[in-house]
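Take a look at the letters that make up each chain.
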Amino acid sequence: MSHINFRSVLTLSFSTFIGLSLVACGDDGSYGGAYETAGYDDSSANSAGNPGTSAGTAAAGEGGVTDGGDSAGTDGGTSGGDTDTGSTSGGEQACDAASPVTLFLSPDDSNSMSSPVQAREAVLDGFGSLAYVPLRVWEFFNYYSFDYPPAPAGTIVVTPELYRPEGSPEGQYVLQIGVTSEAMPNADRPPMNVTLVLDESGSMEGRSMELLQESCRAIAASLKKGDLVSMVGWDTANAVKLSGYAVTGPNDATLLAEIDDLAAGGGTDLNGGLTAGYDLATKSFDPSRINRVVLISDGGANAGVTDIDIIAKGATANGMDGIYMVGVGVGTVDIYNDTLMDTVTDAGKGASVYVSDEDEAWKVFGTDFVSTMAVAARDVQVRLDMPPGFEIVSFSGEEYSANAAEIEPQHLAPNDTMVFHQTIRTCAPELVADDTPITVTARYKDAITFEQKEVQQTVTFGQLLGLPSPLIRKGAAVWAYTEALKAARAEAPDVSQKVAEFGARIGDALSLMPGDPDLAEMKAVIDAL
């Protein structure tokens, strides 16, 4: 089996993925592999507390050799991106130093960013426990900023980086790939058709409703004259408040009045709210606009099969493009149910975000409004070509495979970077020279014309090794941060080691990026544990 999907494969566990062995087989040059999974289930919020087991031999790596799933084992222990030394059920494979290695990568199907906000709030806001917080590593790489150079309009840029952390085993390296879109100010974005599907059930009383309203106000402030807004309250009544309303500009008075009138009360009818919301979005659908459904809730309802069908159909409606969903979680971290938003945004091809306070609402829907709502490149698929003998030891993303058909492409927003952070190693280190190449290829569709495009970057080990590369050091710090959080959540025996590893990585990154707010935030959270 060659497809590694850390959400669907790890239904029982997002903790442990052991033993991907890339072995050439057959005339088509495809690759086979074996892996097992066990441990935490970070596909939902209610997943902590079940340390996993693993089979196979793990290798020590940068910050532990784990993937983007969850783990609580020792350094070099368990988790999704771990690969063994080539063992399969038939025994240990010899080093294949002749067959080039090709893999296709995906960071996250929905570009979600909920986990790091929930973790931060759980630690810094006095809740004092990570027990109910999902720690999906790819969401940390989505959330924190990696300021690679922006691409020219209508294109994307691929930037590979490589380094060897001090003490790395022979033949092991850290590889980071940034795939960057164009810069686009809000004034230059296409017009929007936004449908707000808002939870007004009784569980939203108090702080959850306040944050729902503040998120809507931030959206209102970011709209332009002529943008269309529909609004439906999601409770047993499913009252339509606005339908295809053209705003007069930012902070439209009619829209703000509807937001102010929102109130919690009554039962929950997710299906009715989604049905009404997608009906409104479809009525105003315009392929020249950005068409979005924004679902805001504390996650107190469950999405059934019918609900997912509604969302998925909307995402692929009207031919080549559809109505994508942004899921917004609100409420305190101890009561917020992450499962709903994680599920519906996967179906709706949009981002899942968590709004913990007013500042976060204005960050997501003010400062980052365009990257939250718009699309710069569609169906981005990244291909990594490595020399013979190489394999991925750990991986920050959601899935990778030797078969391109098994990897779901992802849209890339403007003002955004898709980041892949992985530890790679070779069974034949003596074959690595300064001129040994690594090639990264990104295929994508133009956001407007849907024309298929491709960019490619080939670099050598000699070109990359020894460069300062501050962003790959930041990526290493993000990786080590999530490993420390997982160990702390599990109360693992190696938590001190994981925290020490984070200290080393954050020190390296801060030496090159002093004053970086993301690094400061991560340090504050670990210091408070």
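Conventions we followed
- Position numbers for residues count from 1 along each chain, tracking the sequence in the order it is written.
- For a predicted model such as this one, the threshold for reporting local features is a pLDDT of at least 70, and the threshold for listing and counting side-chain atom pairs is 80 or more; totals across whole chains, interfaces and linings nevertheless cover every residue.
- Values reported for side chains reflect all heavy atoms of the structure, with hydrogen atoms and water molecules removed beforehand.
- Burial status follows relative accessibility: with a 1.4 Å probe on protein chains alone, a residue under 20% of its type maximum counts as buried, one over 50% as exposed, and anything between as partly exposed.
- Secondary structure follows DSSP: runs of H or I at least 4 residues long count as helices, runs of E at least 2 residues long count as strands, and numbering of each begins at the N terminus.
- The reported arc concerns the directions from the helix axis to the C-beta atoms and nothing else.
- Think of a polar contact as two N or O atoms within 3.5 Å of one another; within protein, one of them needs to be a possible hydrogen donor and the other a possible acceptor, and neighboring residues in sequence only count if both atoms come from side chains.
- When charges are counted, neither His nor the chain ends are considered; positive counts come from Lys and Arg and negative counts from Asp and Glu.
- By definition here, a salt bridge exists when the distance from a side-chain nitrogen of Lys or Arg to a carboxyl oxygen of Asp or Glu is within 4 Å.
- Here a residue-residue contact requires only that any non-hydrogen atoms of the pair lie within 4.5 Å.
- We treat two strands as partners when DSSP finds at least two bridges between them.
- Axis geometry follows a simple rule: fit a line to the C-alpha atoms, using only the stretch in contact for helices, then measure angles between N-to-C directions, giving values from 0 to 180 degrees.
- Values of pLDDT, ranging from 0 to 100, describe the predictor's confidence in every residue of the model.
- Helices are assigned an expected span. That span is 1.5 Å times one less than the residue count.
- Cysteine sulfur pairs qualify as disulfides if the two atoms are within 2.5 Å.
- An angle below 35 degrees is treated as roughly parallel, one above 145 as roughly antiparallel, one from 65 to 115 as roughly perpendicular, and anything else as oblique.
- Crossing handedness: left-handed means the near helix sits turned counterclockwise from the far one by under a right angle, and right-handed means the same turn made clockwise.
- When residues are grouped by polarity, Ala, Val, Leu, Ile, Met, Phe, Trp, Tyr, Cys and Pro land in nonpolar, Asp, Glu, Lys and Arg in charged, and all others, Gly among them, in polar.
- Stacked, tilted and edge-to-face pairs are distinguished by plane angle, under 30 degrees for stacked and over 60 for edge-to-face with tilted covering the rest, among Phe, Tyr and Trp rings (Trp via its six-membered ring) whose centres lie within 6.5 Å.
- A ring is considered to have a charge above it if a Lys NZ or an Arg CZ atom is located within 6 Å of its centre and within 35 degrees of its normal.
- Clockwise travel from the first strand over the helix to the second, with the strands pointing away from the viewer, marks a crossover as right-handed.

> Now, about helix α8 (residues 358–367): what can you tell me, with residues and values included?
Within α8, burial applies to E360, A361, V364 and F365. For α8, the arc enclosing every buried residue in end-on projection is 105 degrees, short of the 170-degree limit, so these residues lie on one face. Residues of α8 that are exposed and angled more than 90 degrees away from the buried face: D359 and T367. Of the residues flanking the start of α8, the one acting as N-cap is D357, its side-chain oxygen 3.2 Å from the backbone nitrogen of D359.

> Tell me about the side chain of D298, and please be specific about residues and values.
Assignment of secondary structure puts D298 in the loop between β14 (290–297) and α6 (305–315). For D298, which is buried and forms no salt bridge, the nearest opposite charge comes from R207, at a distance of 13 Å. Of the polar contacts made by the side chain of D298, one reaches the side chain of S203; its length is 2.8 Å. When sequence neighbours within four positions are dropped, the list of residues in contact with D298 reads D199, S203, M204, S208, V330, I335, Y336 and N337.

> Describe the sheet that holds strand β21 (residues 417–426), naming the residues involved and giving the relevant values.
Strands sit in the order β9-β10-β21-β18 across an open sheet of four strands; the sheet is antiparallel. Edge positions in the sheet fall to β9 (157–163) and β18 (390–395), since each has one partner strand and no second. Between one strand axis and the next, the sheet turns by 30 degrees as a mean value, whatever way the strands run. Bridging between β9 and strand β10 (residues 172–180) involves seven bridges; their strand directions are antiparallel. Among the inter-strand pairings, E161 is bridged to a residue of β10, identified as Q176.

> I'd like a description of the confidence of the model for the protein chain, backed by residues and values.
In low-pLDDT regions, the fine details of the predicted coordinates are not to be read closely. Summarising the model, the protein chain shows a mean pLDDT of 81, and 80% of its residues fall at 70 or more. Throughout residues 5–41 the model reports pLDDT below 50, and contacts reaching past four residues in sequence, or to other chains, amount to 152 contacts. Contacts from residues 70–90, a stretch scored under 50 in pLDDT, to residues over four places away or in other chains number 115 contacts.

> Can you break down helix α3 (residues 207–222) residue by residue, with the values?
Here α3 contains 16 residues, and its C-alpha end-to-end distance of 23 Å stays within 8% of the 22 Å for a straight helix at 1.5 Å per residue. Counting buried positions along α3 gives twelve out of 16 residues, so the element sits mostly inside the fold. Within α3, burial applies to S208, M209, L211, L212, Q213, E214, S215, C216, A218, I219, A220 and S222.

> Report on the state of the cysteines, specifying residues and quantitative values.
Evaluation of the coordinates by the stated rule reveals one disulfide. Here C95 is linked by a disulfide to C427, with a sulfur-sulfur distance of 1.9 Å. Across the S-S bond of C95 and C427 the torsion is about 70 degrees, and the bridge reads as right-handed. On the criterion of sequence distance, the pair formed by C95 in the loop between β7 (91–92) and β8 (101–106) and C427 in the loop between β21 and β22 (437–446) is long-range, its members being 332 residues apart. Judged by relative accessible area, C427 falls into the partly exposed class, the value being 43%.

> Mind laying out the environment of E391, listing which residues take part and the relevant values?
For E391, the location among the structural elements is in strand β18. For E391, a relative accessible area of 11% gives the class buried. Side chain to side chain, E391 and R425 meet in a polar contact 2.7 Å long.

> Quick one: what's the story with the packing of helix α1 (residues 114–124) against helix α13 (residues 517–528), residue by residue and with numbers?
Running from N to C, α1 and α13 cross one another at 45 degrees; their axes reach a closest spacing of 9 Å. The orientation of α1 relative to α13 falls into the category oblique. Handedness of the crossing formed by α1 with α13: left-handed. Counted together, R120, V123 and L124 of α1 and E521, A524, V525 and A528 of α13 form the full contact between these two elements. Here the residues of the contact of α1 with α13 sort into five nonpolar, no polar and two charged.

> Give me the lowdown on the packing of aromatic side chains, citing residues and values where you can.
Under the definition given, this model contains eleven aromatic pairs. Ring centres of Y143 and Y144 lie 5.2 Å apart, and the angle between their planes is 75 degrees; on these two criteria the pair is classed as edge-to-face. Overall, Y143 belongs to the buried group, its relative accessible area being 9%. Aromatic ring contacts, followed pair by pair, group F140, Y143, Y144, Y481 and F502 into a single cluster. Over the ring of Y173 we find R164; its NZ or CZ atom is 5.5 Å from the centre of that ring. The ring of F146 carries K474 above its face, with NZ or CZ at 5.5 Å from the centroid.

> If you had to explain unusual backbone geometry to someone new, which residues and values would you point to?
Backbone geometry places N251, a non-glycine residue, at a positive phi of 55 degrees. Checked against the element boundaries, N251 lands in the loop between β13 (240–246) and α4 (253–260).

> Provide a residue-level description of the pairing of strand β16 (residues 352–355), including the pertinent values.
Of the two faces of β16, the one carrying S352 and Y354 and the one carrying V353 and V355 are both buried. Where strand β15 (residues 324–330) meets β16, four bridges bridge the pair, whose relative direction is parallel. Residue pairing in the sheet places G329 in a bridge with Y354 of β16. With helix α7 (residues 338–348) bridging β15 and its parallel neighbour β16, the resulting β-α-β unit is right-handed.

> Would you mind going over the packing of α3 against α4 in detail, with residue names and values included?
In contact at an axis separation of 10 Å, α3 and α4 are set at 175 degrees when each is read in the N-to-C sense. On the basis of their axis angle, the class for α3 and α4 is roughly antiparallel. On α4, the residues that touch Q213, C216, R217 and A220 of α3 are L255, L256, I259 and D260. When its residues are assigned to classes, the contact of α3 with α4 shows five nonpolar, one polar and two charged.

> Run through the sheet that holds β13, naming residues and quoting values.
Taken in spatial order, the six strands line up as β13-β12-β11-β14-β15-β16 in an open sheet, and their pairing is mixed. Of all the strands in the sheet, just β13 and β16 have a single pairing partner and so form its edges. Between one strand and the next, the sheet's axes are offset by a mean angle of 15 degrees, whatever the strand orientation. The pairing of strand β11 (residues 192–199) with strand β12 (residues 228–234) spans seven bridges and is parallel. Each bridged residue has a counterpart across the sheet, and for L196 the counterpart in β12 is M231.

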